[in-house]
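# Report on the structure
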Amino acid sequence: MEYVASLAFAKERDQQDPLYKFRDQFYFPQRKGKDAIYLCGNSLGLQPKNVKAAIDQELADWQQCAVEGYWAAKNPWLYYQQYCSKPLTALLGASQQELTVMNTLTVNLHLIMLSFYRPTKQRFKVLMEAGAFPSDQYAVETQVKMHGYDPESAIIEVSPRVGEHLIRLEDILEIINRESDSLALVLFGGINYYTGQFFDIPAITAAAHDAGAYAGFDLAHVAGNIPVELHNWEVDFAVWCSYKYLNGGPGAVGGAFVHEKHAGNREFFRLGGWWGNEESARFKMEKGFVPKKEAEGWQQSTAQVFNMVSLKASLELFEAAGIGALRSKSIGMTNYLEFLLRQLKGINFQIITPENCNERGAQLSLLFLGKGKEIHQRMTDAGIIVDWREPGVIRVSPAPLYNSYQDVFHFYEIIANIASNA
């Protein structure tokens, strides 16, 4: 694709885009009477317009059915998690039996680590990327301590090489091989939240298994962004949130994947809860936890209907658009954004996200070597919504379900104007 730094080119690309119509299915924040240039879907997705009707439906069923809504509502509440897990199968490359939605991301990480991090005197170490999202760091630190180990010796972090921002795959694999006798778990973010680097999930998983360790991933920045094949790649487990690219709303329900080889084994340890018990025995009210032979066996409590309904509504749009088409548009828009950013003069920054589009999602991370916060504020004042992450990055993320090439071009126009007046 030959890109041109012009509004006419951006408009032409949007006219040719079969997904452009989905833009009208979302509400954009307003700035000075106009739609904001919203490039922050990697932090919180926009509200789909079908959410209100979806919530109203559940309110009406609660009003009219009360407890009978569990089986008599338009969408019976007994099975509510399945209305979300079914459309997630295409996005995550898994069977519905391997997926569930429940709780929130870090709660799910803790619950599933209790199953997959079972350290022994020989195998007790966890390998993570340096600079993982703090919540993941805290979860691993406290899990390690709970088992009586010192995080300093039990947690191994793989870092970028000196002078680099990205972690090399060969360095990850080398550490896995070196620590193969002591490694219990490899736990990576699918995409690093700060740099936007998309890690090679199948290669890391295969290396972990060769070393005798489990492989798990935090897919907060992957779900709804890049299609993956969790089942075929034999990932042991994954967790994610749904308020970023999946547009589930602030604090929306989290999700979890457990490979069928573990989920289908009732002897594989998991904490018990009423909603994770075998359905045929659930209402017998008997002692003895008999987990479902699927990812839903990790559920603890009744489905959170009002914390799932917005995600259910958003996933209807994902099904209509298709994750393959969304990924193709995302690559095109992000490549265009990179092309435009490289035309800029007068601002001291560098793009620290991988150049290879197969090693990144919708996000480009711009590392400012000076005046970063000031520039971010000037973007905000000009009607751009992107986010700042310490110590020096502005993250820019055009989401293909609702962003356009014109959004990308207008962002470039504004930052070019900031550069000329710097």
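Residues numbered from 1 in each chain as written. Predicted model: local features only at pLDDT ≥ 70, side-chain atom pairs only at ≥ 80, totals over all residues. Heavy atoms only, no water.

### Comments concerning the environment of Met128
Applied cut-off: Runs of E in the DSSP output that reach at least two residues are strands. Runs of H or I that reach at least four are helices, and both are numbered from the N terminus. Should any heavy atoms of two residues lie within 4.5 Å, those residues are considered in contact.
Considering the arrangement of structural elements, one finds Met128 in strand S7 (residues 125-129). Once the C-alpha coordinates of Met128 and Ile155 are considered, the two residues, 27 residues apart in sequence, prove to be 7.3 Å apart. Beyond its immediate stretch of four places on either side in the chain, Met128 contacts Asp136, Gln137, Val140, Ile155, Ile156, Glu157, Val158, Leu187 and Phe188.

### Topic: the environment of Gly249
Put simply, the rule reads: The rule is simple: take the accessible area with a 1.4 Å probe, protein chains only, and divide by the maximum for that residue type; under 20% is buried, over 50% is exposed, in between is partly exposed.
Assignment of secondary structure puts Gly249 in the loop between strand S11 (237-240) and strand S12 (254-258). Looking at Gly249, the relative accessible area reads 18%, which means it is buried. Put simply, Gly249 and Pro48 are 201 residues apart on the chain and 9.3 Å apart in space, counted from C-alpha to C-alpha. Those residues in contact with Gly249 that sit more than four places away from it in its chain are Leu44, Ser242 and Tyr243.

### Description of the domain arrangement of the protein
The line we're drawing: Throughout, the edges of the domains are those of an automatic or database domain assignment. For any pair of parts, buried area is found by adding up, for both, the accessible area (1.4 Å probe) each one loses once the two are put together. A pairing counts as a salt bridge when a side-chain nitrogen of Lys or Arg comes within 4 Å of a carboxyl oxygen of Asp or Glu. Any pair of nitrogen or oxygen atoms within 3.5 Å is treated as a polar contact; in protein, a donor-acceptor pairing is required on top of that, and neighbouring residues in sequence qualify only through side-chain atoms on both sides. Each residue is assigned to one of three groups, with Ala, Val, Leu, Ile, Met, Phe, Trp, Tyr, Cys and Pro labelled nonpolar, Asp, Glu, Lys and Arg labelled charged, and all others, Gly among them, labelled polar.
Under the domain assignment, the protein is made up of domain 1 (7-47 + 322-420) and domain 2 (54-319). Taken over C-alpha atoms, the centre of domain 1 sits 28 Å from the centre of domain 2. With 35 residues of domain 1 at the contact, the number on the domain 2 side is 26 residues. Counting the surface lost from both domain 1 and domain 2, the interface buries some 2,400 Å², and carbon and sulfur atoms represent 60% of this. Considering only the side of domain 1, the residues that lose the most area to domain 2 are Leu44, Ile323 and Ile352, jointly responsible for 22% of the buried surface there. Inspection of the domain 1/domain 2 interface yields 0 salt bridges. One can count 14 residue pairs in polar contact (both at pLDDT 80 or more) joining domain 1 with domain 2. When contributions to the side of domain 1 that touches domain 2 are tallied by element, the ones reaching two or more residues are helix H13 (323-341), strand S14 (364-368) and strand S17 (393-396). Looking at the side of domain 1 that touches domain 2, the element that brings in the most residues is H13, giving 4 residues. Tallied by class, the residues present in the side of domain 1 that touches domain 2 amount to 14 nonpolar, 15 polar and 6 charged.

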